Amino acid sequence: MRRKLPSTAALAAFDAAARHQSFTKAAEELALTQSAVCRQIANLETFVGLKLFRRSRRGVTLTQAGASYSIAVAGRLEEMERDTLDLMATRGEGGVLELAAVPTFATRWLLPRLKRFEARAPKVIVNIMPQSRPFLFEGTPFDAAIYAGDGHWPGTEAIALMPERLVPVCAPSLIAPHGALTPGQFRRYRLLQQTTRPYAWRAWFDIQGVRHDHDVAGPRYELFSMLIQAAVHGLGIALVPALLVEEELASGKLIAASPLASGVDKSYYLVLPEWKAENPLLRTFADWLRKEAEPYRNEQLVEL
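Below is a short write-up of the structure. This structure is a prediction, so every number in the text was calculated from the model and none was measured.

Turning our attention to the pairing of strand β7 (residues 166–170). Summarising burial for β7: five of the five residues are buried, a large majority. Side-chain alternation along β7 places L166, P168 and C170 on one buried face and V167 and V169 on a second face that is also buried. Here β7 runs beside strand β10 (residues 237–241); their pairing, made up of four bridges, is antiparallel. Note on β10: the bridge partner recorded for V167 is V240. Bridge count between β7 and strand β11 (residues 255–256): two bridges; the pairing is antiparallel. Residue C170 lies in a different strand from β11, and its bridge partner there is I255.

Along the polypeptide, D15 turns up in helix α1 (residues 8–20). If near-sequence neighbours (up to four positions away) are discounted, D15 is found in contact with V73, A74 and L77.

Bringing the pairing of strand β3 (residues 95–101) into the picture now. Counting buried positions along β3 yields seven of seven residues, so the element is predominantly enclosed. Burial of β3 is two-sided: the residues G95, L97, L99 and A101 facing one way and the residues V96, E98 and A100 facing the other way are all buried. Pairing of β3 with strand β4 (residues 124–130), which is carried by seven bridges, proceeds in the parallel orientation. Bridge pairing in β4 places G95 opposite V124. Bridging between β3 and strand β5 (residues 144–149) involves three bridges; their strand directions are parallel. By the bridge assignment, A101 is partnered in β5 with I146.

Definitions and cut-offs
Numbering of residues begins from 1 in every chain and follows the order in which that chain's sequence is written. Only residues with pLDDT of at least 70 are given local features in this predicted model, and only at 80 or more are side-chain atom pairs given and counted; all residues enter the totals for whole chains, interfaces and linings. As a rule here, side-chain values cover all heavy atoms of the structure and leave hydrogens and water aside. Only protein chains enter the calculation, and the probe is 1.4 Å; a residue is then buried if its accessible area is under 20% of its type maximum, exposed if over 50%, and partly exposed in between. We count a stretch as a helix when DSSP gives it H or I for four or more residues in a row; a strand needs E for two or more, and each element gets its number in order from the N terminus. Two strands qualify as a pair provided DSSP detects at least 2 bridges between them. Note on contacts: a residue pair qualifies if any of its non-hydrogen atoms lie within 4.5 Å across the two residues.

Rendered as structure tokens:
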């Protein structure tokens, strides 16, 4: 049966006009004449039997139907573009993995190791997009995600990679001449906060048996990479995963403000949607990732 599909040229013209709310700007983007864009959109309106734009002397605006349709069309065109780029990149061989990952973990831990995966699976391309907050796989292009949490995400298979131990770190000059602080001495210093974990410091002080009246006060940063850089520049003490500051601790840019780490509240997981869990490409990546993470599972990562 013949599919009821409009032409891609008409959809591209509609998408551009919807984004710009202008036929003229759409024509400039697509390197067409304005009349050509008008014809394509008129053909699309005839095809669907609805007005998608209101025309007036002041320009064009989307109708309610046009606004809803533009969201769907934009998503489909993005998927088509991504699939085409993937096909061009792999030349029909191997495959592409779309991976969501917490940004600092991806930058500092995963990317330095990814060349070893490429050596094992040279025809596989791994695309990584940063995602610092939880999301549902439905409606996204992602095949898998790396997150820190408790491993319980409905509709997914979570493969444990490594525990996350938070350690307080700072620039050596911040606490000089001290080489380290007792938990009680932290009251004298600014605590750097992580936006998505507002009570991380409170949990750390609870483990040490110390009360800190201002444990949620201090500058807030969205990403651990921001916290790390703020600590390097002497802005305060940061509580960050030890595995993310190995380089700074080794070089002396940072020191452990205390040798006491947090308990294991979260772990890093490779998360697969259930409907993709048996994908051979994903299983290959998951097996490789677990082996890379193995040294981190049963020991503290850094000599503090």
